[in-house]
Structures are given as C-alpha cells and as structure tokens.
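Each chain, letter by letter, is given below.
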Amino acid sequence: MGLQEDYLQAILSTVARQTFPAERLIELVAPTSRGGKQIAAYNLCDGAHTQSQIASAVGMDRSDLSKTIARWIEFGIIFRLNNGTDAKPLHLYPPPQVLAPRKKGKRDGK
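Now for a quick tour of the structure. (Residues numbered from 1 in each chain as written. Predicted model: local features only at pLDDT ≥ 70, side-chain atom pairs only at ≥ 80, totals over all residues. Heavy atoms only, no water.)

1. Re the overall build of the chain
Here's step 1: Helix and strand counts for the chain come out as 5 helices and 2 strands.
Here's step 2: From first element to last, N terminus to C terminus, the chain shows the α and β order α-α-α-α-α-β-β.
Here's step 3: Across the 110 residues in the chain, those meeting the buried criterion constitute 31%.
Here's step 4: Taking all contacts inside the chain whose residues are at least 6 apart in sequence as the whole, residues at least 24 apart take part in 62%.
Here's step 5: Total accessible area computed for the chain in this model is approximately 7300 Å², and 52% of it derives from carbon and sulfur atoms. (Helix = DSSP H or I, 4+ residues; strand = E, 2+ residues; numbered from the N terminus. Buried < 20%, exposed > 50% of the residue type's maximum accessible area, 1.4 Å probe, protein only. Contact = heavy atoms within 4.5 Å. Areas by Shrake-Rupley, 256 points an atom, 1.4 Å probe, with all protein chains shown as cover.)

2. Overview of helix α4 (residues 51–58)
Here's step 1: Regarding α4, the residues found buried are Q51, I54, A55 and V58. Looking straight down α4, one finds its buried side chains confined to an arc of 100°; they lie on one side. Those residues of α4 that are exposed and aimed more than 90 degrees away from the buried face are S56 and A57.
Here's step 2: Buried positions along α4 lie against α3 (36–44), α5 (62–75), β1 (78–81) and β2 (88–91).
Here's step 3: Count one or two residues on from α4 and you reach G59, which has phi positive near 75°. (Arc of directions from axis to C-beta.)

3. Some thoughts on the packing of aromatic side chains
Here's step 1: Counted by the stated rule, this structure contains 1 aromatic pair.
Here's step 2: Ring geometry for Y42 against W72: centres 5.3 Å apart, planes inclined by 90°, an arrangement best described as edge-to-face. Here the residue Y42 occupies a position in helix α3, and W72 occupies one in helix α5, the gap between them amounting to 30 residues. (Phe/Tyr/Trp six-rings, centres within 6.5 Å; stacked < 30°, edge-to-face > 60°.)

Below you can see the structure in the form of structure tokens.
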C-alpha cells in the first residue's frame, strides 16, 4: 500500500470508530458467542484477500461466507474493492481482541 492509501485507510478507520464503536462492530460481525470464524473472516477482509482465500483460511464454506459478507455490506461495515471475480472485501477496522465473544463454560478447566 502506498502512503496515500495508508492515509485514506487511517481516515476511514477513525471515522468508522465513531460511527461503529468496537462493541457495536463485534455485535454486527458475530452476533452470537460462537462467532470466532466470523471475527477471523472479518479481520482477513483487509483488502488483500479474495473471498475464496478468506474462506479457505478460516475454514468456512464459501457460500456461507458470501452470505455473511453480503450482510456486512448491508450493515456498512465492509466494502468491496474491484467488482468482479477477484473482488477483495475491505473492513472498516479490525475489532480489538479483548472484546471478541468468548465461549461460555467452565473457568480454569474446572
């Protein structure tokens, strides 16, 4: 990425954080506590990977990922770069890992 693209990405992320605070972004990306694959897929939507590459990397069905990305586009939290077969989704900003949903269960292996 060039310097101009870096600046544009920084501006987009700054504005997006005001529009979609991290807690709200995670609710949209992974509405259930079992949304680990969705968060991993969203984080890979950095404009450098195609949908097929993302699906393979996170172990998601390509059709399911396509539907998920379409939903994210409707929410306004993902954009497509290059319309066509090699379209690369771009997220607003990656959510902080501390806010990612955790599985409910026993603590400390007890």
